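Take a look at the letters that make up each chain.
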Amino acid sequence: MRLFFGLLLLLGSVHCLTQAELDAFTPRDPDYVDINTGLKSIIYAKNHTDETHVIFTNGIPSHETWLFPNGSGNPNELEENNITLYIPKNPTFRKDGPLKCLPLGFLGIATSGVAIDSWYPAVEGCPMVSDFEELDICEGHPSPDGQYHYHHYSPCVQMPTCGQPSTIWGVAIDGFPIYGPWDETGTQLTKQDLDECGGKETSEGYRYYMTVDAPYTLGCIKGEILAEIGTKAEDTEEFICACPFDDSMFIKTKPGDDQMRTKIAETCVFEGVSGPYANCTDIIDESYDIGYKWIQEEQVITLAPCCPEGSDCGMSCKTYDGIKEECNQEERKVMVMTRVESGSSVAQPCLFLFLLSSWLVMVFGK
């Protein structure tokens, strides 16, 4: 394995987390006590071996949350859930191209100690999470096993300064960093500014970016995933091809439906592989119809709020009554991904064309 990683270094690394980026994985408020568990957040990132970093979190957010369960439609309790994630120090792009089959759930860890999940909830029809359930003040909620997580951008992970580049927001399971929505020039990005996976090359290497428009986090996985990924690899059921391509594992009863599945194939295999990486393969069944499609639609969207330089906006620009007066927030007309019924007469490209066009815009310019 050491020889393999050595060859990667000779070929040139794509991105290596700096010490400052590792140090960012720490509770925003180390004295904050979670109202659900009575516990404090534990989150850190450090060197593990010559080839890997380790990120650990107890899953307790270091910021305000709702008391769960509550009347939002989420019946789950927020509980302590330890995650140990191993990532390569020098992540590398997948040789077979990006993995479009996203895991069912866990995609990375935010610097706040909270799990970052895929952009859809695990329910039939693959709805946008914002259309499925009301999230708390920090845009999070707990899963059935009590894991508090984000599906999209949370204003509680960091306080952005208007016109300034975002700092690191988290890290993905392939080892590439995830940054907030503001690029190196201080301009807020939307998904049409990024490639199909929700990232782009920078002067510091490849980065994913969180955005306020779908798919919010990762649209696909750009890099190789370690076979020894950590605790989340123990649940291989999470590494199956699910939404937005296939919702059959969420369908409880549909009499006469010949599309029903009896076994869902795993996207990634972690055990018994040769080399340091998991064996991941796209298994998208394009003949399967979930009843919906994703189209490009021009809309005016509200961007993420930010704090004017020199102002004190506290821990977050968001309150229960809206956005703080001292924070700035702008609107922009962009092409956004929208879910419509498959039988809709709207003549728009599907998800793949939308993601492809976004990549072409980024590479060749508008």
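Residues numbered from 1 in each chain as written. Predicted model: local features only at pLDDT ≥ 70, side-chain atom pairs only at ≥ 80, totals over all residues. Heavy atoms only, no water.

1. Some thoughts on the nonpolar core
Then, number 1: Judged by nonpolar contacts, the single largest core of 72 residues is most densely connected at Y208, I221 and I225.
Then, number 2: Those elements that provide at least two residues to this core are β1 (43–47), β3 (83–88), β4 (106–110), β5 (115–117), β7 (148–150), β8 (168–172), β9 (177–179) and β11 (205–209).
Then, number 3: In this structure I221 touches R94, P98, L99, L102, P103, L107, I173, D174, C197 and Y208, once residues within four positions along its chain are discounted. (Core = buried A, V, L, I, M, F, W, Y, C linked by side-chain atoms within 4.5 Å. Buried < 20%, exposed > 50% of the residue type's maximum accessible area, 1.4 Å probe, protein only. Helix = DSSP H or I, 4+ residues; strand = E, 2+ residues; numbered from the N terminus. Contact = heavy atoms within 4.5 Å.)

2. Things to note about the sheet that holds β3
Then, number 1: In spatial order, the strands read β1-β2-β3; together these 3 strands make up an open sheet with antiparallel pairing. The open sheet has two free edges, formed respectively by β1 and β3, since each of these has just one partner strand. Across the sheet, the mean angle from the axis of one strand to that of its neighbour is 15 degrees, orientation sign disregarded.
Then, number 2: In terms of strand pairing, β1 meets strand β2 (residues 52–57) through 5 bridges, oriented antiparallel. When the sheet's bridge partners are listed, N47 is paired in β2 with H53. (Pairing = 2+ DSSP bridges. Axes fitted to C-alpha atoms, helices over the stretch in contact; angles between N-to-C directions.)

3. Concerning the state of the cysteines
Then, number 1: Throughout the structure, instances matching the rule amount to 6 disulfides.
Then, number 2: In this model, C138 is linked to C156 through a disulfide, with the two sulfur atoms separated by 2.0 Å. Between C138 and C156, the S-S torsion sits near -80 degrees, and that sign places the bridge as left-handed. Here C156 lies in the loop between β7 and β8 and C138 lies in the loop between α3 (129–132) and β6 (140–142), a separation of 18 residues in the sequence.
Then, number 3: Judged by relative accessible area, which is 5%, C156 ranks as buried.
Then, number 4: One disulfide in the model links C307 with C313; its S-S distance is 2.1 Å. Between C307 and C313, the S-S dihedral sits near 80 degrees, and the bridge is therefore right-handed. Neither C307 nor C313 differs from the other in exposure class; each is buried. (Disulfide = S-S within 2.5 Å.)

4. Observations concerning the pattern of salt bridges
Then, number 1: The final tally for this structure, using the stated rule, is 4 salt bridges.
Then, number 2: For E139, the salt bridge goes to K318, with nearest N and O atoms at 2.5 Å. With E139 in the loop between α3 and β6 and K318 in strand β15 (residues 318–319), this residue pair connects regions lying 179 residues apart in the sequence.
Then, number 3: Assessed through its relative accessible area of 16%, E139 is described here as buried.
Then, number 4: As a salt-bridge pair, K222 and D195 come within 3.4 Å of each other at their nearest N and O atoms. On the criterion of sequence distance, the pair formed by K222 in the loop between β11 and β12 (268–269) and D195 in the loop between β9 and β10 (199–202) is long-range, its members being 27 residues apart. Exposure class is identical for K222 and D195. Each is buried. (Salt bridge = Lys/Arg side-chain N within 4 Å of Asp/Glu carboxyl O.)

5. Looking at the pairing of β8
Then, number 1: With respect to burial, β8 is a largely interior element, 5 of its 5 residues being buried.
Then, number 2: Pairing of β4 with β8, which is carried by 3 bridges, proceeds in the antiparallel orientation. From the neighbouring strand, I109 faces β8, where its bridge partner is V171.
Then, number 3: One ladder, built from 3 bridges, connects β8 with β9; its direction is antiparallel. Of the residues in β9, the one forming a bridge with I168 is Y179.
Then, number 4: Taking the residues between adjacent antiparallel strands as the criterion, β8 and β9 are bridged by 4 residues, where G175 takes a positive phi near 95 degrees.

6. Digging into the confidence of the model for the protein chain
Then, number 1: In the predicted model, the protein chain carries a mean pLDDT of 83, and the fraction of residues at 70 or more is 82%.
Then, number 2: No element of the protein chain has a lower mean pLDDT than helix α1 (residues 2–11), at 42, and none a higher one than β9, at 98.
Then, number 3: Considering only residues more than four positions removed or in separate chains, one finds that residues 259–263, a stretch of pLDDT under 50, has 10 contacts. (pLDDT = per-residue confidence, 0-100.)

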